[in-house]
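The residues making up each chain are set out below.
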Amino acid sequence: MQLSLTVPTVADRIAQTVLKADLEPELEKHFHPDSYGYRPGKSALDAVGMARKRCWQNDWVLDLDIKGFFDNIDHELMMRAVRAHTEEKWVLLYIERWLKAPIEMPDGTLNLPQKGTPQGGVASPLLANLFLHYAFDQWIEREHPGIPFERYADDAVCHCKSEAQAEQLKQALSVRMKEVGLELHPEKTKIVYCQDDDRREDYPRISFDFLGYTFRPRRSKNRWGKHFINFTPAISNRAAKTIRRTSRSWNWSLRSDKQLEDLARMFNPIIRGWINYYSRYYKSALYPILKCLDRRLIMWATRKYKRLRHHRRRAAQWLTRIARKQPNLFAHWSLLYASAGR
């Protein structure tokens with residue numbers, strides 16, 4: 001499947017920015033409070049935190065996956081939603097033109113889209129939220145008012161009191177998505193049991209991924225030091241693999257012309273972003289990935305300094321001494337070494 005990923009021209013970006021500034025304040029008055037994606041004052045971490053709280057309050061989750069959402073948005077329904085909130089002709093004309101703009105394919109041919117919205121534009125997330133506001137948010141509130149949810153763009157989870165309720169919702173949502181020209185992914189949409197110390201039923205699925213976090217039963221400790229099993233989020237394996245792959249692409253061992261301080265300046269902004277996002281919940285799961293960064297630093301040191309060449313253990317000791325003296329040099333050091341009691 002060819003994705004509708006486009007790179008807007010400068011003129012298009014300016015026009016979309018103006019359009020977004022005109023339309024967003026009006027739409028924000030109507031958007032659901034549990035819609036979190038690309039909205040002022042809301043974040044993915046807010047959605048993760050609310051999902052965590054509601055998993056404690058509800059035994060079951062319906063983890064949704066809309067198959068090819070951006071490529072299958074119905075143009076007529078999209079324009080109907082836009083017209084419900086503005087009569088500005090320039091806004092309507094521009095959005096319609098943008099939706100139907102030819103897309104250049106990898107082989108150079110032009111594809112005239114009959115459905116879908118191009119990704120990569122300034123206004124695209126706003127329009128996606130508007131479509132799902134009517135297709136999903138309002139429908140849930142109207143047809144299933146007792147079922148809370150968190151939605152971030154096309155990624156959503158619903159919280160149910162029973163497996164039967166979750167199954168009923170899944171069937172109803174399947175019908176609803178077809179009504180608006182969409183489809184639930186048959187394999188990726190699943191019912192999950194929020195197992196913990198108080199909920200011990202046997203069920204084949206007791207975990208789900210949401211916004212880079214995996215929710216599953218985990219060993220935790222309460223304020224009195226007693227261990228218990230808690231259904232809670234931590235960095236997902238997929239996110240961890242992405243971090244490792246990204247850090248590997250930095251080619252640390254080939255940067256022997258750099259000083260340690262240079263590497264810190266180069267990579268700290270990205271490392272800090274990872275820590276800020278993935279350490280919010282169950283941050284100990286992040287430590288192995290942070291240790292991987294230090295292993296790459298050790299390899300760099302064995303390439304840079306002759307006295308450390310072929311002596312990884314000595315290089316590790318050298319790095320540890322620096323980390324103790326300058327715990328703020330690398331963004332992850334204060335967290336990693338503090339967790340180890342150093």
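Throughout what follows, the structure given in this document is the object of discussion. (Residues numbered from 1 in each chain as written. Predicted model: local features only at pLDDT ≥ 70, side-chain atom pairs only at ≥ 80, totals over all residues. Heavy atoms only, no water.)

Note on sheets: strands pair through backbone hydrogen bonds, and any given pair is parallel or antiparallel. The four strands are arranged β4-β5-β1-β6 in an open sheet whose pairing can be described as antiparallel. Strands with a single pairing partner mark the edges of an open sheet, and in this sheet they are β4 (149-152) and β6 (190-193). Across the sheet, the mean angle separating the axes of adjacent strands is 20 degrees when strand polarity is ignored. Of the strand pairs in this sheet, strand β1 (residues 60-65) and β6 are connected by four bridges, and their pairing is antiparallel. Within β6, the residue paired with Leu-62 across the bridge is Ile-191. Where helix α2 (residues 44-57) meets the sheet, it contacts β1, β4 and β5 (155-160), and its direction lies at approximately 160 degrees from that of β4. The strands touched by helix α6 (residues 163-179) within the sheet are β1, β5 and β6, with β1 carrying the most contacts at an inclination of about 20 degrees. (Pairing = 2+ DSSP bridges. Helix = DSSP H or I, 4+ residues; strand = E, 2+ residues; numbered from the N terminus. Axes fitted to C-alpha atoms, helices over the stretch in contact; angles between N-to-C directions. Contact = heavy atoms within 4.5 Å.)

As a further point, take the side chain of Glu-150. Of note, Glu-150 is situated in strand β4. A distance of 2.8 Å separates the side chain of Glu-150 from the side chain of Arg-54, its partner in a polar contact. Setting aside anything within four residues of it in sequence, one finds Glu-150 in contact with Asp-34, Tyr-36, Ala-47, Met-50, Ala-51, Arg-54, Asp-155, Ala-156, Val-157, His-159 and Phe-210. (Polar contact = N/O pair within 3.5 Å; in protein donor to acceptor, adjacent residues only side chain to side chain.)

Once that is clear, we can look at the packing of helix α1 (residues 10-28) against helix α4 (residues 89-99). The N-to-C vectors of α1 and α4 enclose an angle of 130 degrees; their axes lie 11 Å apart at closest approach. Taken together, the axes of α1 and α4 are oblique relative to one another. Helix-helix and strand crossings are classified by hand; for α1 and α4 the assignment is left-handed. Contacts between α1 and α4 involve Asp-12, Ala-15, Gln-16, Val-18, Leu-19, Asp-22 and Leu-23 on the former and, on the latter, Trp-90, Val-91, Tyr-94, Ile-95, Arg-97 and Trp-98. Residue composition of the contact of α1 with α4, grouped by class: nine nonpolar, one polar and three charged. (Parallel < 35°, antiparallel > 145°, perpendicular 65-115°, else oblique. Left-handed = near helix turned anticlockwise from the far one by under 90°. Nonpolar A, V, L, I, M, F, W, Y, C, P; charged D, E, K, R; others polar.)

Once that is clear, we can look at helix α7 (residues 237-248). Helix length check: α7 (twelve residues) gives 16 Å between terminal C-alpha atoms against 16 Å at 1.5 Å per residue, within 8%. Among all positions in α7, only Ala-239, Ala-240, Ile-243 and Ser-247 are buried. Burial along α7 is one-sided: seen end-on, the buried residues are contained in an arc of 100 degrees. Residues of α7 that are exposed and point over 90 degrees away from its buried face: Asn-237, Arg-238 and Lys-241. (Expected span 1.5 Å × (residues − 1). Buried < 20%, exposed > 50% of the residue type's maximum accessible area, 1.4 Å probe, protein only. Arc of directions from axis to C-beta.)

Along β5, five of the six residues are buried, which leaves the element largely enclosed by surrounding structure. As paired elements, β1 and β5 share six bridges and run antiparallel to each other. By the bridge assignment for β5, Asp-65 is matched with Asp-155. Two strands pair when backbone bridges link them, and β4 and β5 are joined in this way by four bridges, in the antiparallel orientation. What sits directly across from Glu-150, in β5, is Val-157. If you look at the hairpin formed by β4 and β5, you'll find two residues sitting between the two strands, and Ala-153 has a positive phi there, around 55 degrees.

Time to look at the packing of aromatic side chains. Taken as a whole, this structure holds 21 aromatic pairs when the rule is applied. An angle of 35 degrees between the planes, with centres 6.5 Å apart, marks the rings of Trp-300 and Trp-318 as tilted. Of this pair, Trp-300 sits in helix α9 (residues 287-304) while Trp-318 is found in helix α10 (residues 312-325), placing the two residues 18 residues apart along the sequence. For the pair shown, Trp-300 and Trp-318 are each scored as buried. Taking the centre distance of 4.9 Å and the plane angle of 50 degrees together, the rings of Phe-330 and Trp-333 count as tilted. An aromatic cluster is built from Tyr-213, Tyr-277, Tyr-278 and Tyr-281, whose rings are joined through pairwise contacts. One cation-aromatic arrangement involves Arg-218 over Tyr-282; the distance from NZ or CZ to the ring centre is 5.4 Å. (Phe/Tyr/Trp six-rings, centres within 6.5 Å; stacked < 30°, edge-to-face > 60°. Lys NZ or Arg CZ within 6 Å of the ring centre and 35° of its normal.)

This paragraph deals with a nonpolar patch on the surface. On the surface, a nonpolar cluster with roughly 400 Å² of combined accessible area is contributed by Val-10, Ile-14, Val-18 and Trp-90. Broken down by element, the residue count for the nonpolar patch peaks at three residues, all from α1. (Patch = residues over 30% accessible without salt bridge, like charges linked within 9 Å, V, L, I, M, F, W, Y side chains within 5 Å. Areas by Shrake-Rupley, 256 points an atom, 1.4 Å probe, with all protein chains shown as cover. Salt bridge = Lys/Arg side-chain N within 4 Å of Asp/Glu carboxyl O.)

Close contact between α7 and α9 brings their axes to 10 Å; oriented N to C, the two are set at 15 degrees. The pairing of α7 with α9 is recorded here as roughly parallel in orientation. Crossing angle aside, the handedness with which α7 passes α9 is right-handed. Contacts between α7 and α9 involve Ala-240, Ile-243, Arg-244, Ser-247 and Arg-248 from the first element and Pro-288, Ile-289, Cys-292, Leu-293 and Arg-296 from the second. Of the residues assigned to the contact of α7 with α9, the class counts are six nonpolar, one polar and three charged.

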